[in-house]
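So the chains spell out like this:
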Amino acid sequence: MGWTTWLLMQKCEFHSGLFDKNRQFIPVALRYSGRPSCHSVLDIRRHYVTDASAEQERKSKKMLKYLTALVFAMVAGSYAAVPLYQRFCQATGYGGTVNRRETVEEKIARHNQDGAVSGREIVVQFNADVADGMQWKFTPTQREIRVKPGESALAFYTAENQSSNPITGVSTYNITPMKAALYFNKIQCFCFEEQRLLPGEQIDMPVFFYIDPEIETDPKMDGVNNLILSYTFFKSTEEK
């Protein structure tokens, strides 16, 4: 029993009766019939403590539900990241993905009619990564390629399954700096396509790309002569 509760009980017992003007003793329950008794005060205090505990329990359950939903959302988001990224690139042309307004072939044919030859040289470097837990060795076959605006080039990446089980992987990519991605157009590549490798199997994957000559007419691209093409392989969601 707490100190506050003990004092309250002592006070209630001491004032269990009062004297009127004629010095007649009158119990509190009769004179102040509208006031709560000592037992009523204690009941109210116990009721308040019970309500506070119930409210805290409701808040805890609500927070647990929120955290559980957040975990499920993060897991679902990781599974959906690759297809969503593919749709974003196709819709915006980000990273050199061809959208539906003009194909790379149409763009090459249009610039070939101009007959302009550029003296500017672009150095394209290559980078390769794999997601955590994926037992693949993934490397670019060449370190870099030099190409002029309006020219196309062919590069290769090599992937090897170093595990004892078949693994299906799918890759995403990006161009650095990001502002140059609009002028880096891939004619053929392995991104967003599932690649299944048996244990110990090794394959070469081509990337055929084209540098849009309009990069020379964009003031934002002045001085941008080095690009980095990066690929990252993830394990397919079907095998997770």
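A brief look at the structure comes next.

Within the protein chain, the regular secondary structure consists of four helices and eleven strands. Residues classed as buried in the protein chain amount to 32% of the 240 residues present. Expressed as a percentage of contacts within the protein chain between residues at least 6 apart in sequence, the contacts between residues at least 24 apart total 72%. In the form shown here, the protein chain has an accessible surface area of approximately 15900 Å², with 55% of it arising from carbon and sulfur atoms.

We now examine the sheet that holds strand S9 (residues 195-197). An order of S5-S3-S11-S7-S9 is seen for the five strands of this open sheet, with the pairing classed as mixed. At either end of the open sheet lies a strand with only one pairing partner, and these are strand S5 (144-147) and S9. The average angle at which neighbouring strand axes cross in this sheet is 30°, direction not considered. In terms of strand pairing, strand S7 (residues 167-176) meets S9 through three bridges, oriented antiparallel. Bridge pairing links Ile167 to Leu197 in S9.

Here the focus is the nonpolar core. Phe138, Tyr157, Phe209, Leu229 and Tyr231 are the most contacted members of the largest nonpolar core, which totals 36 residues. Setting aside chain neighbours within four positions, we find Phe209 in contact with Val124, Phe126, Val147, Glu151, Ser152, Ala153, Ala155, Phe184, Asn185, Lys186 and Ile187.

This paragraph deals with the pattern of salt bridges. In total, this model carries two salt bridges according to the counting rule given. Where Arg146 meets Glu121, a salt bridge forms, and the shortest distance between an N and an O atom there is 3.2 Å. Of this pair, Arg146 sits in strand S5 while Glu121 sits in the loop between helix H4 (104-114) and strand S3 (122-130); the two residues are 25 residues apart in sequence, bridging distant segments of the chain. As a salt-bridge pair, Glu144 and Arg146 come within 3.5 Å of each other at their nearest N and O atoms. On the accessibility criterion, Glu144 (30% relative accessible area) is partly exposed. Linked by salt bridges that have partners in common, Glu121, Glu144 and Arg146 make up one network.

Summed over the entire model, instances satisfying the criterion amount to 13 aromatic pairs. Taking 6.3 Å as the distance between ring centres and 90° as the angle between the ring planes, the aromatic pair formed by Phe138 and Phe190 counts as edge-to-face. Placement of the pair is Phe138 in strand S4 (residues 136-140) and Phe190 in the loop between strand S8 (184-188) and S9, with a sequence separation of 52 residues. Take Phe138: its relative accessible area is 7%, and that puts it in the buried class. Three or more aromatic residues link up through ring pairs in this structure, and these residues are Phe126, Trp136, Phe138, Tyr157, Tyr173, Phe184, Phe190, Phe192, Phe209, Tyr231 and Phe233.

With eight of ten residues buried, S7 is to be regarded as a mostly interior element. Pairing between S7 and strand S11 (residues 226-235): eight bridges, direction antiparallel. Bridging from a neighbouring strand, Thr172 pairs with Thr232 of S11.

Taken in spatial order, the four strands of this open sheet run S4-S6-S10-S8, and their pairing is antiparallel. Because the sheet does not close on itself, it has two edges, and the strands there are S4 and S8. Strand-to-strand twist in this sheet, taken as the mean axis angle between neighbours without regard to direction, amounts to 30°.

We now examine the environment of Asp212. Looking at where Asp212 falls in the secondary structure, it is placed in the loop between strand S10 (202-211) and S11. With 105 residues separating them in the primary sequence, Asp212 and Lys107 have C-alpha atoms 8.1 Å apart. Once you skip the residues sitting within four places of it in the chain, Asp212 turns out to touch Lys107, His111, Pro149, Gly150, Tyr183 and Asn185.

About the thresholds
Residue positions are counted from 1 within each chain, in the order its sequence is given. Confidence filtering applies because this is a predicted model: local features only for residues at pLDDT of at least 70, side-chain atom pairs given and counted only at 80 or more, and all residues used for totals across whole chains, interfaces and linings. Just so you know, side-chain values use all the structure's heavy atoms and leave hydrogens and water out. Only runs of H or I of at least four residues qualify as helices and only runs of E of at least two qualify as strands under DSSP, and these elements are numbered from the N terminus. Here's how the labels work: a residue is buried when its accessible area is under 20% of the maximum for its type, exposed when over 50%, partly exposed in between, all with a 1.4 Å probe on protein chains only. When checking whether two residues touch, look at their non-hydrogen atoms; a contact exists if any pair is within 4.5 Å. Areas reported here follow the Shrake-Rupley algorithm with a probe of radius 1.4 Å; residue values treat only the protein chains shown as occluding. At least two bridges found by DSSP between two strands are what make those strands a pair. Working convention: axes come from line fits to C-alpha atoms, limited for helices to the stretch in contact. Angles between N-to-C directions cover 0 to 180 degrees. Only buried residues count toward a nonpolar core, which is a set of Ala, Val, Leu, Ile, Met, Phe, Trp, Tyr and Cys residues joined through side-chain atoms within 4.5 Å. Any Lys or Arg side-chain nitrogen located within 4 Å of an Asp or Glu carboxyl oxygen qualifies as a salt bridge. Between 30 and 60 degrees the pair is tilted, below 30 it is stacked and above 60 it is edge-to-face, where a pair is any two Phe, Tyr or Trp rings, Trp via its six-membered ring, whose centres lie within 6.5 Å.

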